[in-house]
Amino acid sequence: MKKHVKNNVYWVGKIDWELESFHGADYSINHGSSQNAYLITEEKTVLVDTVWRPHSSEFINNLASEIDLNKIDFIVMNHGEIDHSGSLPALMEKIPNTPIYCTANAVKSLVGQYHHPEWNYKIVKTGDSVDIGNGKKLVFVEMRMLHWPDSMATYMTGDNILFSNDAFGQHYAVEELFNDKADTCLLWAEALKYYSNILNPFSPLVKKKVEEILALNLTIDIIAPSHGAIWRDNPIQIVEKYYEWSKDYQEDQITIAYDTMWEGTMQLAHKIGKEISSISPGTKVKIFNISKTNKNDIMTEVFKSKAIAVGSPTVGQNILSSVGGWLDFLKELKFKNKKAAVFGCYGWSGESTKVLRERLSDAGFEVVDPEFRCNWNPVEEDYRKATEIANALCK
Ligand code: FEO
């Protein structure tokens, strides 16, 4: 069933309340999500994006109940990732010669995934436009690396709608579609999680692209992303927030993440937390067991932090595999301008803090001294190091 967005623009996507993860199991979904596709019925009939493959039958049946599929003049594919292009093969079986407007890189991703080089691709780049009648145009803006090389946004003149695809989205189900109908706290929490876990590696490009969009002085009445709520109440607020987030964003927060075998390293984590609170009562402290809290939710807290402390006991002359995997993901997200401290208990050889130091330096963190390395379980004397680490992180 279509939902009205503005004038002759309708939402025809999929709101998925049951989704539990995304990108395989790499991104946790806590409050549902959506794949937003849009139908424009001006003199030209245009479909902007599709939905993920498991929902393709539902999507095409719904679309066919709203319009004669043969009336679709063209399709805009803002991005080739399968959550937006997954219904394209089934749709193209029904309307095989329909032009598909997309970037040159999107042709590569679509052909690579679906093996249909014969589809009627119309390659566009920034500034290209297409007339849709009634005095309105679609203007294309490449959004390279936000978050794929093929990403693009489409601006509809007249109605002043920016179809931004992944940028400005959230994995958050809003049945009523719009940001003014959403739970504000959840909306911002999910937008922040999305930025931290998907867009942060590309922050320098986000900054540049936002500057470019703002410099165009476009009137933007609606930002219609491909996931989550549509921004119709003060849509520029999410653009301004992206700009703020893109500039090595941090709050007065320190996040402590650890895993533990026999609770020694856990005790060190909590002692560091207490010392930080004592030295700097205004600093927000968050403490997570890496094995018990979802990695995406911890990374959102890392994004907000000015510093982190990471702990692991020594096992097999190394760190726990849970912490090792977590550090791989931390490196992927390319955080900048953050300090880190390392800690861990050991029984025999005690390499964990050295390994943590190397891994965190490699992930772009400034690792402070001293290391909080504790033989067996900590005693009062060991805790002096917690004060030193807290001081170094708060400085
Ligand atoms: Fe990059 Fe929502 O797909």
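Described in the following lines is the structure provided in the data block. (Residues numbered from 1 in each chain as written. Predicted model: local features only at pLDDT ≥ 70, side-chain atom pairs only at ≥ 80, totals over all residues. Heavy atoms only, no water.)

**Points about the packing of aromatic side chains**
Counted only if it meets this: Pairs were defined over the aromatic rings of Phe, Tyr and Trp, the Trp ring being its six-membered one, requiring ring centres within 6.5 Å. Orientation was assigned from the angle between planes: stacked under 30 degrees, edge-to-face over 60, tilted for the rest. Any Lys NZ or Arg CZ found within 6 Å of a ring centre and within 35 degrees of that ring's normal is scored as a charge over the ring.
Tallied over the entire structure, the rule returns 15 aromatic pairs. Ring pairing ties together the aromatic residues Phe-168, Trp-188, Tyr-195, Trp-231, Tyr-242, Trp-245, Tyr-249 and Phe-303, which thus form one cluster. The lysine or arginine in question, Arg-232, covers the ring of Phe-178, its NZ or CZ lying 3.8 Å from the ring centre. Sitting over the ring of Tyr-346, Arg-373 keeps its end group 4.4 Å from the ring centre.

**A few points about the packing of helix H5 (residues 184-199) against helix H7 (residues 236-245)**
The following threshold applies: Simply put, an axis is a line fit to the C-alpha atoms, just over the touching stretch for a helix, and the angle between two N-to-C directions goes from 0 to 180 degrees. Numbered from the N terminus, helices here are DSSP runs of H or I no shorter than four residues, and strands are runs of E no shorter than two. Any angle that is under 35 degrees is reported as roughly parallel, and any over 145 degrees as roughly antiparallel; angles of 65 to 115 degrees are reported as roughly perpendicular and all others as oblique. With the far helix as reference, a near helix turned anticlockwise by less than a right angle produces a left-handed crossing, and one turned clockwise produces a right-handed crossing. Contacts are assigned to residue pairs with any non-hydrogen atoms lying within 4.5 Å of each other. In the scheme used here, Gly and all other residues not listed as nonpolar or charged are polar, with Ala, Val, Leu, Ile, Met, Phe, Trp, Tyr, Cys and Pro taken as nonpolar and Asp, Glu, Lys and Arg as charged.
H7 packs onto H5 with a crossing angle of 45 degrees between their chain directions and a minimal axis gap of 12 Å. Regarding the angle of H5 to H7, the classification is oblique. The handedness of the crossing between H5 and H7 is right-handed. Note on element contacts: H7 touches H5 through Gln-237, Ile-238, Lys-241, Tyr-242 and Trp-245, opposite Trp-188, Ala-191, Leu-192, Tyr-194, Tyr-195 and Leu-199. Of the residues that constitute the contact of H5 with H7, the class distribution is nine nonpolar, one polar and one charged.

**A few points about unusual backbone geometry**
With omega at 10 degrees, the peptide bond leading from Leu-146 into His-147 counts as cis. By secondary structure assignment, the location of His-147 is in the loop between strand E13 (136-142) and strand E14 (152-156). Cis geometry marks the peptide bond from Asp-369 to Pro-370; its omega dihedral reads -5 degrees. Along the chain, Pro-370 turns up in the loop between strand E21 (366-367) and strand E22 (372-375).

**What about the pairing of strand E7 (residues 38-41)?**
As a reminder of what qualifies: Between any two strands, at least two bridges found by DSSP are needed for them to pair.
The pairing of strand E2 (residues 9-11) with E7 spans three bridges and is antiparallel. Looking at E7, one finds that Trp-11 is bridged to Tyr-38. Alignment of E7 against strand E8 (residues 45-48), held across four bridges, turns out to be antiparallel. Along E8, the bridge assignment pairs Ile-40 with Val-46. Connecting E7 to the next strand, E8, in antiparallel fashion are three residues.

**Topic: the nonpolar core**
To keep it simple, the criterion reads: For this analysis, a nonpolar core means a set of buried residues of the types Ala, Val, Leu, Ile, Met, Phe, Trp, Tyr and Cys, connected via side-chain atoms within 4.5 Å. Each residue is placed in one exposure class: buried if its accessible area under a 1.4 Å probe, protein chains only, is under 20% of its type's maximum, exposed if it is over 50%, and partly exposed if it falls in between.
Grouped together as the largest cluster of nonpolar side chains are 60 residues, with contacts concentrated most on Tyr-242, Trp-326, Leu-330 and Leu-360. Per element, the largest residue contribution to this core is seven residues, and it comes from H5. When near neighbours in sequence (up to four residues on either side) are disregarded, Leu-330 contacts Met-299, Val-302, Ile-308, Phe-335, Leu-360, Ala-363 and Phe-365. One finds Ile-40, Val-48, Val-130 and Phe-163 within the second-largest nonpolar core, a separate group that totals 26 residues.

**As for the environment of Glu-176**
Residue placement: Glu-176 occurs in the loop between strand E15 (161-165) and H5. When the C-alpha positions of Glu-176 and Ile-230 are compared, they lie 9.5 Å apart, and in sequence the two are 54 residues distant.

**Re the sheet that holds E13**
Spatially, five strands are ordered E12-E13-E14-E15-E16 in an open sheet, and the strand pairing comes out mixed. Bordering the open sheet on either side are strand E12 (129-133) and strand E16 (222-225), each of which pairs with just one other strand. Taken over all neighbouring pairs, the strand axes of this sheet differ in orientation by 20 degrees on average, direction set aside. Sheet analysis places E13 next to E14, joined by five bridges and oriented antiparallel. If you follow Val-139 over to E14, its bridge partner there is Tyr-155.

**Some details on the environment of Gly-127**
Topologically, Gly-127 is positioned in the loop between strand E11 (121-123) and E12. Once residues lying within four places of it in the same chain are set aside, the contact partners of Gly-127 are Val-139 and Phe-140.

**Re the sheet that holds strand E10 (residues 100-102)**
As summarised here, the arrangement of the seven strands in space is E1-E2-E7-E8-E9-E10-E11, forming an open sheet in which the pairing is mixed. A strand with exactly one partner marks an edge of an open sheet, and here the two such strands are strand E1 (3-6) and E11. Adjacent strand axes in the sheet meet at a mean angle of 25 degrees, parallel and antiparallel pairs treated alike. Examined bridge by bridge, strand E9 (residues 74-76) and E10 share two bridges and lie parallel to one another. Opposite Val-76, over in E10, you have Tyr-101 as the bridge partner. Seen against the sheet, helix H4 (residues 104-114) touches E10 and E11 and runs at an angle of roughly 150 degrees to E11.

**Considerations on the layout of surface pockets**
Rules: Grid points spaced at 1 Å over the protein atoms alone were grouped into cavities, where a 1.4 Å probe fits but cannot get out, and pockets, open sets with protein on both sides within 12 Å along at least five of seven lines, with lining residues defined by an atom within 4 Å of a point. Grid points are joined across faces, edges and corners, and a volume is the space filled by probe spheres set on the points.
Empty space within the largest pocket amounts to approximately 300 Å³. Those elements giving two or more residues to the lining of the largest pocket turn out to be helix H8 (264-279) and strand E20 (339-346). Within the lining of the largest pocket, the residues separate by chemical class into eight nonpolar, eight polar and one charged.

**Here we look at the state of the cysteines**
The following threshold applies: Cysteine sulfur atoms are paired as a disulfide whenever they come within 2.5 Å of each other.
Summed over all chains, the structure comprises zero disulfides. In this model Cys-345 remains outside any disulfide bridge; the closest cysteine sulfur is found in Cys-374, 4.2 Å from its own. Residue classification places Cys-345 among the buried positions, given a relative accessible area of 8%.

**Some words on the pattern of salt bridges**
For side chains of opposite charge, pairing can occur when their charged atoms come near one another. Inclusion rule: Salt bridges are defined by distance alone: a side-chain nitrogen of Lys or Arg within 4 Å of a carboxyl oxygen of Asp or Glu.
According to the stated counting rule, one finds 23 salt bridges in the structure shown. The salt bridge involving Lys-271 is made with Glu-275; its shortest N-O contact spans 3.4 Å. Placement of both Lys-271 and Glu-275 in helix H8 is noted, with a separation of four residues, approximately one turn of the helix. Of the residues examined, Glu-275 reaches a relative accessible area of 14% and is grouped as buried.

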